[in-house]
Every structure is written in C-alpha cells, then in structure tokens.
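# Summary of the model geometry
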Amino acid sequence: MRLSELFGKEIVNLYNGCRLGAIGETDLIIDSRTGKIQSLVLPRKPNLLNIWFEGRQLIVPWEAVRKIGNDVIVVDLDNTSDSLGKFAL
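These numbers were taken from a predicted model, which means no experiment stands behind them.

What counts and what doesn't
- Residues numbered from 1 in each chain as written.
- Predicted model: local features only at pLDDT ≥ 70, side-chain atom pairs only at ≥ 80, totals over all residues.
- Heavy atoms only, no water.
- Helix = DSSP H or I, 4+ residues; strand = E, 2+ residues; numbered from the N terminus.
- Contact = heavy atoms within 4.5 Å.
- Pairing = 2+ DSSP bridges.
- Axes fitted to C-alpha atoms, helices over the stretch in contact; angles between N-to-C directions.
- Salt bridge = Lys/Arg side-chain N within 4 Å of Asp/Glu carboxyl O.
- Core = buried A, V, L, I, M, F, W, Y, C linked by side-chain atoms within 4.5 Å.
- Buried < 20%, exposed > 50% of the residue type's maximum accessible area, 1.4 Å probe, protein only.

## Overview of the side chain of serine 39
By the element assignment, serine 39 lies in strand E4 (residues 37-43). The residues contacting serine 39, other than those within four sequence positions of it, are Asp27, Leu28, Ile29, Ile59, Val60, Pro61 and Trp62.

## Focus: the sheet that holds strand E1 (residues 10-13)
Across the sheet, four strands lie side by side as E2-E1-E7-E6; this open sheet has mixed pairing. Bordering the open sheet on either side are strand E2 (19-22) and strand E6 (65-68), each of which pairs with just one other strand. Strand-to-strand twist across the sheet, computed as the mean angle between neighbouring axes with direction ignored, equals 20°. The pairing of E1 with E2 spans three bridges and is antiparallel. The residue bridging glutamate 10 from the neighbouring strand is alanine 22, located in E2.

## Observations concerning the pattern of salt bridges
Summed over all chains, the structure comprises four salt bridges. In this structure, arginine 33 and aspartate 31 form a salt bridge, with 3.7 Å as the shortest nitrogen-oxygen distance. Each of Glu10, Arg19 and Glu25 takes part in one network of salt bridges that share partners.

## Looking at the nonpolar core
By size, the foremost hydrophobic cluster in this structure holds 13 residues, and its most contacted members are Ile11, Val60, Ile73, Val75 and Leu77. Secondary structure elements with two or more residues in this core: E4, strand E5 (57-61) and strand E7 (72-75). For valine 75, the contacting residues outside a window of four places in its chain are Ile11, Val12, Asn13, Leu14, Tyr15, Leu20, Val60, Ala64, Val65 and Arg66.

Printed below as a string of structure tokens:
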C-alpha cells in the first residue's frame, strides 16, 4: 500500500469506537532503514476529559493497527493495557 492511499482515512479505536483523527492530521514515524511505519503520532485535541494533556500527542504503535479499510483504519487501544501508546510533548 502506498502512503498516498492512507491519506484521509479516519483512525478509529476498536476498543471504544472513538475517532482518534485522520491520516493527514497525523505524523508517521518511519524506520529509515526499512521504510516501514513504526507508529502513528496523533495530536490530542483538548476537551473536558483530557484538558490536562493539552499540547501532547498520542503515539500509536503500528502493531496496534488491526485493519485498513476503504475509509477507516482500525486500531486496538485498550485503556487498561500498555497498548494505549505513549504521550509525548
């Protein structure tokens, strides 16, 4: 799959059905040696529940991607496990 084919796809969490963002709003971390995607970097949009995380990003490991469809990329981020990703400034 080409990177251009990912552009515009919504990223949805399988665990709770939340929309996390879209490719185009995100950055990708790519291994420079292999050219493979390592993770998605999603901007955190502040709201009442996560206002203390304002300015941070959610880093989703590529291993959390479960399915890439025509319009949606489904990721599995379970809030009770380490698969939630990491926060970065």
